[in-house]
Every structure is written in C-alpha cells, then in structure tokens.
Amino acid sequence: MAPSHVLRCCQRGLSWIPVIFINLVVCWSYYAYVMELCIYTIPNAEEQVIYLVVFHLSFVMFMWSYWKTIVSRPTNPSKEFCLPKAEKEQYEKEERAEVQHEILKKVSKGLPIYTRTGGGAMRYCDHCQVIKPDRCHHCSTCDQCVLKMDHHCPWVNNCVGFSNYKFFVLFLGYSMIYCLFIASTVLQYFIKFWTCFLTRDIPHLQAKLCRRRAAENCPQNQLPDTHAKFHVLFLFFVATMFFISILSLFTYHLWLVVKNRTTIEAFRAPVFRNGADKNGFTLGFKKNVAEVFGDQKRYWVLPIYTSLGDGHTFPTRLVNIDPEQLMGEQHNSKCALDGETISHLNEGQGGSAKDGGPTVTVTVENES
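Keep in mind that this is a model prediction, so the values were computed, not measured.

(A) Structural detail: the packing of helix 4 (residues 85-93) against helix 5 (residues 97-107). It is the contact of helix 4 with helix 5, at a shortest axis distance of 9 Å, that shows an interaxial angle of 165°. One finds that helix 4 runs roughly antiparallel with respect to helix 5. The way helix 4 lies across helix 5 gives a crossing that is left-handed. When helix 4 is examined against helix 5, the residues Glu87, Gln90 and Tyr91 are found in contact with a partner set consisting of Gln100, Ile103, Leu104 and Val107. Among the residues forming the contact of helix 4 with helix 5, the class breakdown is four nonpolar, two polar and one charged.

(B) Region of interest: the packing of aromatic side chains. One pass over the structure, following the stated rule, counts 25 aromatic pairs. Plain terms: the ring middles of phenylalanine 21 and tryptophan 155 are 6.5 Å apart, the flat faces sit at 45° to each other, and that makes the pair tilted. Separated by 134 residues along the polypeptide, phenylalanine 21 in helix 2 (residues 17-39) and tryptophan 155 in the loop between strand 6 (151-153) and strand 7 (158-160) bring together distant segments of the chain. Judged by its relative accessible area of 41%, phenylalanine 21 is partly exposed. Assessed through its relative accessible area of 42%, tryptophan 155 is described here as partly exposed.

(C) Quick look at empty space enclosed by the protein. Summed over the entire model, instances satisfying the criterion amount to three cavities of 30 Å³ or more. Approximately 50 Å³ is the volume found for the largest cavity. Forming the boundary of the largest cavity are Lys148, Phe162, Tyr165, Lys166, Glu291, Val292, Ser307, Leu308 and Phe314. At the level of elements, helix 6 (165-201) and helix 10 (285-293) are the ones that each hand at least two residues to the lining of the largest cavity. Here the lining of the largest cavity is built from residues that sort into five nonpolar, one polar and three charged.

(D) Inspection of unusual backbone geometry at higher detail. Of note, the phi angle at lysine 148 is positive, near 45°, even though the residue is not glycine. Take lysine 148: it is sitting in the loop between strand 5 (144-146) and strand 6. Given the relative accessible area of 9%, lysine 148 is considered buried. Even without a glycine there, the phi angle at asparagine 157 is positive, about 50°. Mapped onto the elements, asparagine 157 comes out in the loop between strand 6 and strand 7.

Conventions and cut-offs
- Residues numbered from 1 in each chain as written.
- Predicted model: local features only at pLDDT ≥ 70, side-chain atom pairs only at ≥ 80, totals over all residues.
- Heavy atoms only, no water.
- Axes fitted to C-alpha atoms, helices over the stretch in contact; angles between N-to-C directions.
- Helix = DSSP H or I, 4+ residues; strand = E, 2+ residues; numbered from the N terminus.
- Parallel < 35°, antiparallel > 145°, perpendicular 65-115°, else oblique.
- Left-handed = near helix turned anticlockwise from the far one by under 90°.
- Contact = heavy atoms within 4.5 Å.
- Nonpolar A, V, L, I, M, F, W, Y, C, P; charged D, E, K, R; others polar.
- Phe/Tyr/Trp six-rings, centres within 6.5 Å; stacked < 30°, edge-to-face > 60°.
- Buried < 20%, exposed > 50% of the residue type's maximum accessible area, 1.4 Å probe, protein only.
- 1 Å grid on protein atoms, 1.4 Å probe; cavity = no way out; pocket = protein on both sides within 12 Å on 5 of 7 lines; lining within 4 Å.
- Points joined across faces, edges and corners; volume = space filled by probe spheres on them.

Pasting the structure below:
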C-alpha cells in the first residue's frame, strides 16, 4: 500500500509540471512585454499607454479563464445513479451478463438515461459503481466519472467537462487573442532589432543600408542596443508559435460547440436504442451555443458559470425508448425530467402489434 501511495503522490506532483511551465512562460511574457518592450524600448509615451492598457485587458481575461478551468472541479454523477444496496450485492454476485443487464435496466427505469453501450446494454462504471448518465465517462487520470466529459487536459491538470467546458473554450479564445496582440505589436520592433542584428554582423549589408538611408534613419540608430532586443525577438517567436497551435484547437472546439458534441462524441458517436447517432444531442445553432454559454449573451465572454442544465440530463433530438422505461418515466416524469417537456408521438402504425410491440418516439426539448 505504501509504495502505491507514494507513486500516486509522485504522479500528482508531476501532473502539475505542464501548468507550472505555462505559468512560467506567461510570467516571462508579461515581464518581456511590459518592461523590456513598453518601458525600455518604445519611445512614444502615447503608444506605451495604449499597448499597456490593451495588453493588461487581454492578460487578465486570459489568466482568469485559465485558472477557472484549472480550479473548477469535475462534476460527478449524483447518488440517484448509484445502485441500491440490494441490487448492488446482486449485481456483484451475478456472473451472467444478461442478468446483470436486467438488474441495471430495472434500476434505471426511473432515470432519464437514453444512451447505451455499443452492444445495447446500460452504461455502468464498475470502478465508480454508478450507472453512467448520458454523456458521462470515466477518466482514468482523474480516477472518477465526469459528467459530459470532453477530455483530460494536461495543460490545466484537470478534466474538461460539464463544470468547466465554457471556461476552457474562453481560455483558448483569450490565449489566442493574447498571443495575437503580442505578436502584432512586437512585429515592427522585431523587424528593427533583427535588421540591427544583421547589419551589425554583416558589414557590407550595413554599408548598403546606410547608403540608401540618411544617417538619422539608419536602423542601428533607431533602437537602444540593450538586452531588451533578445526578449523582443523571443517574444515574437513564442507568441507566433503558440498562436498557430491554439488557433486550430480553438477552431475545433468552436465547431464542437456549434454541433453540441464533445471530443469523445466526435470520435465515437453516442449510441441510443435505435443505434448510433452523432447528431443525437444537436438542437440547432442557437440552442447548441446556449447549452455551453447560457441564454444570457452578456455573460458569454466572461469566465463565470452560465451553462444550462445539471449535467445529468440533456435535451435530445429524437430518441426511442422501450415501453417499460416509458412507463417508469411517466410515473416519475416530474422527478426524472425536471424542467423538460416530453411529447409522446404515436404516428402511423407505431402502436400496431404486428410490428412486434409498440415503438414510442420521445422528443425532449428544453423550455428555456
């Protein structure tokens, strides 16, 4: 027990290395931009003030959303998704998979669960011993089931899911703005310092440039020859590199928000009783965005929690459930689907006995 405990402690400590690295890079970028560029390099006071104001706005929003993503604990399934004591003992003693499935099916009758495993069975986590709500998955790194799990991100040392997905998307957006602003404002000084570097080390190029320009406009006379140039040069390279890498990731997650999918669902479509459906949780552009950012647009750009729902139930386009589960949901509709409206549609020959039993189509929509 002792060695495994020590190993877990070491793993937890090492998992903070990416976070420490990111914060060190950000602290250095803050010093390099504020002190080395704005204070020591830029001669124009008005330009200094404008750059510093915009820089600090982007810096605050970037760090705010970043740390909200880190400190927001992943939400776990509530106790109602745990097996009762009697059923739990019966499930653990039973070795036949079909009997275990019947036990889970019986317990889940009163629960708003529409997704299944690839084989059509109830989704159950043997490690956490809970029936998984829709879109819930077990994270091996966090060692827990996470509601609406998207992925585990080592750069925030946290699981990205229902509780912090909005913060994660804002973190990507503001970090991209932060890098873009730094790169665009540093570019002109990067060019000047780089020109000074070349003209200093290549005499014939220096003479050629100086012949073309007046002495007072020669690049080597425009900026102070201090150690600030190294900070400016590296600042441009680092900001550009991070911007390019974050741009693709941010674009991908915006696409996921618009489609109302998680990263896991994008690679493996959720399975309903009528089969896999990658668009099972898609509600349309506006409702998809509101699911993550909330229905009050003035809070969309702020890293404060405004996501809709409780993480256990999600509106779906169209799902088919068996009659037994339907009876359970009719009996517990107010408890199981709080805040949602169920419309039972029975069209054509859906209730005909010749089709092998009634098929009930349920549409779940969010009233808000």
